[in-house]
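Descriptive analysis of the structure
Spelled out, the chains give:
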Amino acid sequence: MLKKTIVCFVMFIYLFTLTNVQAEDSFVTSSRIEGVLVIDVSKSMLTSDPNKISNEAMKMFIDMSSLKGDKIGFIAYAGDVVAKMDLVKLQTEQDKIGLKAFIDSLSQYPNTDISVGLKEAIKALEASHEQNYRPLIVLLADGNNDVNEKKGVTLQQATDGLNAAVAEAKTKGYPVYVIGLNEDGTLNKDILQNIATTTNGKFFETSSADDLPRILSEIFANHLKLKVVPVDELVGKGDFEDVTITIPNTNVLEANLSLVSSQPVEIKLFDPSGTEQILPSDKISITKSKSYSMVKMISPVPGDWTLKVKGVASDKIDINFVFNYDLQLSLAPLESKNYKAGDTIKVEAFFEDNGQQVSNNDLYSTLKATLLLTDLDTNQTEEIPLAADQQGYSGEFILGNSESYEILVKAEGNSFSRETLVQQISVQKAATPTAPKVNPEKEAQPFPWTYASVIGLAAILMVTLMLSYFKKRKKVKKGKTKHSAVPAYTFSPTRKRKVGFFGHIMIEIKDEETGELFESKYEKLKGFKGEFNLTQLFKLTQEFKETDKINFIPLTDFALLVFNKSDCVIEMNGVAVEEEYLRLRPNDTVRIVLKDTNKSIFVSIIGLEKKKNLKHA
């Protein structure tokens with residue numbers, strides 16, 4: 001079993017670009033989801049998942065989804081798309097039953113082509129997408145592409161098709177959560193990792209299908225900025241055992257209580273007053289499968305509930321909560337004014353439910369709220385604790401001497417977290433002092449230029465130019481200067497250039513032995529000129545010294561040239577680049593495989609724009 005909650009490191013960033021504060025983009029604030037579940041039904045799944053736990057995990061994801069309009073679709077793929085169900089808007093339990101019956105009807109087929117499943121999922125989302133929904137794709141794969149070339153499809157075509165599908169998903173804003181079922185140890189993790197990383201999704205790897213229900217729970221929670229809350233882990237005794245489950249506050253829209261076990265369990269539920277609840281009822285639904293039971297509580301009363309669980313003797317029962325909040329954290333608009341260094345700015349943030357501000361001291365006091373103040377000139381972030389009251393959170397900060405700042409508020413508790421939009425503040429520069437006026441009577445008289453002096457100067461310049469011209473022609477005749485059909489601008493990888501650069505560079509370091517990905521690091525490249533390496537930019541430790549021979553050079557089109565003089569292998573889209581240099585364009589990702597340590601570095605360029613279009617770098 002997986003024992004740790006997967007935390008989403010990559011958050012949406014939203015910019016504000018007026019002189020003081022202006023919203024540039026909006027983001028989806030609803031907790032409704034549009035999810036397409038893409039499952040590998042190739043014949044290899046008979047070995048890697050003989051008990052069809054993947055089907056059970058997908059059904060569990062459906063049961064966690066809300067009956068208030070969540071939309072779920074399904075794609076089954078092998079060498080081709082073999083079955084699909086367009087997105088269904090969930091409004092009754094019957095809608096879920098239909099989807100789960102479709103999953104149970106699937107068989108296994110020959111060959112594997114991941115690209116066809118992903119392409120079809122993108123089409124399904126594109127056809128069904130609505131505003132105020134959070135789209136996502138969940139992709140399950142147990143191996144690598146295995147195509148039937150007799151049908152006219154080559155491995156290279158499958159790879160190219162997958163790269164195109166990943167790029168399209170990224171462009172459309174569809175994060176792909178990838179699950180690699182690595183039962184036989186042959187899974188190409190790098191390809192699957194790239195799918196998730198490129199699309200701002202998440203990659204999960206497991207060698208056992210038994211982990212899939214927990215992983216699907218984490219994906220559901222991760223996508224909605226929720227948390228999987230561990231409740232208990234029991235060993236069945238053949239009798240009822242009491243477990244206390246706590247509903248934290250009145251703003252819980254739905255409480256999804258999952259009980260994962262290999263054998264069926266019996267459940268009884270008592271509210272905080274001790275009254276036994278009828279299962280199922282209008283406010284509580286219960287669904288059972290051969291590997292899990294799901295209790296969904298609609299707007300439950302806050303307090304300590306009692307769950308009585310009866311399991312088969314010696315059977316392990318893993319109990320977890322996922323609370324669904326239809327709450328958004330909003331940052332009150334800042335005062336519209338021309339800010340200057342030393343100004344004190346007051347900040348207020350509050351939760352909204354369907355556009356209405358929430359007043360609830362219990363809610364605000366149980367969460368920790370922090371103001372994140374980022375100095376865009378130094379790229380340093382300061383965390384400022386905020387005070388809580390009945391109406392929300394409040395605090396203040398003082399502007400420094402930099403030209404621009406970003407602020408956002410984050411509130412985090414045991415069961416969920418929320419962030420506000422980013423707001424940007426521009427600080428007005430102090431006026432440049434004017435030079436004292438000079439008394440006109442004391443001003444020096446201008447130099448008495450005459451027509452003769454101007455003509456004389458022009459003659460000197462003319463003679464100088466003519467001498468230079470004849471000197472160059474003389475050198476050509478002697479062979480000292482060679483002219484050929486070289487274009488006016490010839491690129492040389494070693495040529496140091498002084499092109500201005502804009503945007504951010506991001507790196508992620510992966511431990512190849514454990515598969516662990518370390519937290520992403522970002523650096524601004526505002527005004528950077530010449531060439532640089534990763535050690536200079538990110539102050540990497542001596543462990544990564546070999547990357548010093550990999551230089552990054554800004555190009556005229558605001559892309560980067562990666563010039564590799566090291567022994568490291570550089571991969572683009574999973575393919576090793578044999579040339580000494582390659583062009584790294586906006587939103588591309590390359591992987592640097594280190595030789596001296598069992599680690600690799602993923603490098604990508606994000607947010608590049610031409611200088612003339614930038615108001616703020």
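Keep in mind that this is a model prediction, so the values were computed, not measured.

A separate point is the overall build of the protein. The helix and strand tally for the protein stands at ten helices and 33 strands. Intrachain contacts of the protein at a sequence separation of at least 6 include 70% that bridge at least 24 residues. As presented, the protein carries roughly 32000 Å² of accessible surface, and 51% of it is formed by carbon and sulfur atoms.

Here we come to the packing of helix H2 (residues 53–64) against helix H7 (residues 212–223). Viewed as axis vectors pointing N to C, H2 and H7 meet at an angle of 30°, and their least axial separation amounts to 8 Å. Classified by the interaxial angle, the pair formed by H2 and H7 is roughly parallel. When you trace H2 past H7, the crossing you get is right-handed. Within the contact between the two elements, H2 uses Ile53, Ser54, Ala57, Met58, Met60, Phe61 and Met64 and H7 uses Leu212, Pro213, Leu216, Ser217, Ile219 and Phe220. By residue class, the composition of the contact of H2 with H7 is eleven nonpolar, two polar and no charged.

A word on empty space enclosed by the protein. Applying the stated criterion across every chain yields a total of four cavities of 30 Å³ or more. By volume, the second largest cavity amounts to about 80 Å³. Around the second largest cavity, the lining residues are Ile39, Asp40, Val41, Met45, Asp49, Lys52, Ser54, Asn55, Leu106, Ser107 and Gln108. At the level of elements, strand E1 (33–40) and H2 are the ones that each hand at least two residues to the lining of the second largest cavity. For the lining of the second largest cavity, the residue count by class is four nonpolar, four polar and three charged.

As a further point, take the environment of Asn401. Tracing the backbone through its elements, the reader meets Asn401 in the loop between strand E21 (392–398) and strand E22 (404–412). Its relative accessible area of 76% is what places Asn401 among the exposed residues. Measuring from C-alpha to C-alpha, the distance between Asn401 and Ala341 comes to 5.2 Å, with 60 residues separating the pair along the chain.

When pLDDT is averaged across the protein, the result is 78; 78% of the residues are at 70 or more. Per-residue pLDDT stays below 50 along residues 1–30; that stretch engages in 70 contacts with residues further than four places along the chain or on separate chains. Within the model, pLDDT remains below 50 along residues 440–455, and this stretch shows one contact once partners closer than five positions in the same chain are excluded.

Right, let's get into H2. The end-to-end C-alpha separation of H2 is 17 Å, in line with the 16 Å expected for twelve residues at 1.5 Å each. Taken as a whole, H2 has its buried residues at Ile53, Ser54, Asn55, Glu56, Ala57, Met58, Lys59, Met60, Phe61, Ile62, Asp63 and Met64.

Reading the values: rules and limits
Residues numbered from 1 in each chain as written. Predicted model: local features only at pLDDT ≥ 70, side-chain atom pairs only at ≥ 80, totals over all residues. Heavy atoms only, no water. Helix = DSSP H or I, 4+ residues; strand = E, 2+ residues; numbered from the N terminus. Contact = heavy atoms within 4.5 Å. Areas by Shrake-Rupley, 256 points an atom, 1.4 Å probe, with all protein chains shown as cover. Axes fitted to C-alpha atoms, helices over the stretch in contact; angles between N-to-C directions. Parallel < 35°, antiparallel > 145°, perpendicular 65-115°, else oblique. Left-handed = near helix turned anticlockwise from the far one by under 90°. Nonpolar A, V, L, I, M, F, W, Y, C, P; charged D, E, K, R; others polar. 1 Å grid on protein atoms, 1.4 Å probe; cavity = no way out; pocket = protein on both sides within 12 Å on 5 of 7 lines; lining within 4 Å. Points joined across faces, edges and corners; volume = space filled by probe spheres on them. Buried < 20%, exposed > 50% of the residue type's maximum accessible area, 1.4 Å probe, protein only. pLDDT = per-residue confidence, 0-100. Expected span 1.5 Å × (residues − 1).

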